[in-house]
Amino acid sequence: MRLRFGECVLDSETRQLVVRGAEVHLQPKAFQFLELLIHNRPRVVPKAEIHEKLWPGIFVSDGTLTSVLAEVRGAIGDEAHQSRFVRTVHRVGYAFSGEAAEERDRVVGVGRSGLAVWLLRGKTRIALEPGETIIGRDPGAAVHLDDPSVSRRHARIIVGDTGATVEDLGSKNGTFLGEAGVHAPMPLSDGDTVRIGSVPLLVRLFETPQSTVTSVEPD
């Protein structure tokens, strides 16, 4: 089951958390904790039940659960003092307090032509949707790169029916395709390296058998 909340998608089948199009790694216990809260929403899940589900038959301190909570909040961009998703019920437990909707038959990053485009940064995979994707240091950028060499709106990639292009947006430190500076829209190929300032991104392009329609249904 895939559940979307805010800018996050939790996929129970693939055991993936995707935030703003980028896969975010969670330790297994943290993923299980978030999954437990979402599936029981809006019910408050008592600490005893959480301990039994995550650590059956093993004694762990409340500090361990607090660490798991902090990891989850950091991954989904939640804040303890102004929580949107994970609500603390003092001395009782925790509850998922946000809106969540089930997604069905959705393949992230597949355009009308069946072209899937991904950016890879280390172990992080970022799926690009059809149309324009802004890359930059601005928190509102679709691909957010928190690096001093990256401008707020640094570059953009446009995914079309038959391919993808990269274009610099007047950045301070430049955009490069391989070793060549990008001064006009340039076509991308599978295996290319795009450097945004000093941040390298590997481009992967795949032809898929058919495009897939997104269906989002409220829970």
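Just above sits the structure.
Just so you know, these numbers come straight off a predicted model, no measurement behind them.

> How should the overall build of the protein chain be read in this particular structure?
For the protein chain, the count of helices and strands is three helices and 20 strands. For the protein chain, with 219 residues in total, the buried portion stands at 42%. Contacts spanning at least 24 positions in sequence make up 48% of the contacts within the protein chain whose residues lie at least 6 apart. Accessible area for the protein chain stands at about 11700 Å²; split by element, carbon and sulfur atoms hold 52% of it.

> How should I be thinking about the packing of helix α1 (residues 28-39) against helix α3 (residues 62-76) in this particular structure?
How two helices pack is summed up by the angle between their axes together with the distance between the axes. For the pair α1 and α3, the least separation of the axes is 9 Å and the interaxial angle reads 75 degrees. Judged by the angle between their axes, α1 and α3 are roughly perpendicular. On α3, the residues touching K29, A30, F33 and L34 of α1 are L65, V68, L69, E71, V72 and I76. For the contact of α1 with α3, the per-class residue count stands at eight nonpolar, no polar and two charged.

> In this structure, what is going on with the packing of α1 against helix α2 (residues 47-54)? I would like to understand it.
Between α1 and α2, the least distance of the axes is 10 Å, while the angle of their chain directions is 135 degrees. In terms of orientation, α1 lies oblique with respect to α2. Taken as a pair, α1 and α2 cross one another with a handedness that is right-handed. Within the contact between the two elements, α1 uses K29, Q32, F33 and L36 and α2 uses I50, K53 and L54. When the residues that make up the contact of α1 with α2 are grouped by side-chain class, the tally is four nonpolar, one polar and two charged.

> Is there a simple way to explain α1 in this structure?
Two residues of an α-helix separated by three or four positions point the same way, owing to the 3.6 residues in each turn. When the terminal C-alpha atoms of α1 are compared, their 16 Å separation across twelve residues agrees well with the 16 Å that a helix rising 1.5 Å per residue should span. Among all positions in α1, only A30, F31, F33, L34, E35, L36, L37 and I38 are buried.

> Would you explain the pairing of strand β18 (residues 193-196) in this entry?
If a strand is regular, its side chains alternate between the two faces of the sheet. Residues V194 and I196 point to one face of β18 and are all buried, whereas T193 and R195, pointing to the other face, are not buried. Examined bridge by bridge, strand β15 (residues 175-177) and β18 share three bridges and lie antiparallel to one another. Note that in β18 the partner of T175 across the bridge is I196.

> Please explain the pattern of salt bridges as it appears in this structure.
Close approach of charged atoms lets side chains of opposite charge pair. The final tally for this structure, using the stated rule, is ten salt bridges. In this structure, R152 and D138 form a salt bridge, with 3.5 Å as the shortest nitrogen-oxygen distance. With R152 in the loop between β12 (143-144) and β13 (155-159) and D138 in the loop between β11 (131-136) and β12, this pair connects stretches of sequence that are 14 residues apart. Overall, the relative accessible area of 46% leaves R152 in the partly exposed class. Via salt bridges that share partners, E132, R156 and E167 belong to a single interconnected network.

> For this particular structure, what's the right way to read the pairing of strand β7 (residues 93-96)?
Burial of the side chains of β7 extends over both faces: G93 and A95 are buried on one face and Y94 and F96 on the other. Bridge count between strand β5 (residues 45-46) and β7: two bridges; the pairing is antiparallel. Opposite P46, over in β7, you have G93 as the bridge partner. Pairing analysis gives four bridges linking strand β6 (residues 86-89) to β7, with the strands arranged antiparallel. Each bridged residue has a counterpart across the sheet, and for V86 the counterpart in β7 is F96. Between the end of β6 and the start of β7, which pair antiparallel, lie three residues, with R91 showing a positive phi angle near 70 degrees.

> Sorry if this is basic, but what is going on with the sheet that holds β6 here?
Strands belonging to one sheet form pairs held by backbone hydrogen bonds; the direction of such a pair is parallel or antiparallel. The three strands lie next to each other as β5-β7-β6, forming an open sheet whose pairing is antiparallel. Each edge of the open sheet carries a strand with a single partner, namely β5 and β6. Running over the sheet, α1 touches β5, β6 and β7 and is turned about 70 degrees from β7. Contacting β6 and β7, α3 crosses the sheet at an angle of about 150 degrees to β6.

Rules and cut-offs
- The numbering scheme is per chain: residues are counted from 1 as the chain's sequence reads.
- Side-chain atom pairs in this predicted model are given and counted only at pLDDT of 80 or more, local residue features only at pLDDT of at least 70, and totals for whole chains, interfaces and linings cover all residues.
- Hydrogens are left out, water is left out, and the side-chain values use all remaining heavy atoms of the structure.
- To qualify as a helix, a DSSP run of H or I must reach at least 4 residues; to qualify as a strand, a run of E must reach at least 2; elements of each kind are numbered from the N terminus.
- Relative accessibility decides the category of a residue: with a 1.4 Å probe and only protein chains considered, values under 20% of the type maximum give buried, values over 50% give exposed, and everything between is partly exposed.
- In what follows, a contact means two residues having at least one pair of non-hydrogen atoms within 4.5 Å.
- Shrake-Rupley sampling with a 1.4 Å probe provides the accessible areas, and residues are treated as covered by the protein chains on show and by no other component.
- Helix axes use the C-alpha atoms of the stretch in contact, all axes being lines fitted to C-alpha atoms, and the angles between their N-to-C directions lie in the range 0 to 180 degrees.
- Should an angle lie under 35 degrees it is considered roughly parallel, over 145 roughly antiparallel, and from 65 to 115 roughly perpendicular; all remaining angles are considered oblique.
- Asp, Glu, Lys and Arg are counted as charged, while Ala, Val, Leu, Ile, Met, Phe, Trp, Tyr, Cys and Pro are counted as nonpolar; the rest, among them Gly, fall into the polar class.
- In this scheme the handedness of a crossing depends on how the near helix is turned from the far one: anticlockwise by less than a right angle means left-handed, clockwise means right-handed.
- Given a helix with a known number of residues, its expected span is that number minus one, times 1.5 Å.
- A strand pair is defined by DSSP finding two or more bridges across the two strands.
- The working definition used for a salt bridge is a side-chain nitrogen of Lys or Arg within 4 Å of a carboxyl oxygen of Asp or Glu.

Read these as layout, nothing more, since geometry by itself doesn't imply function.
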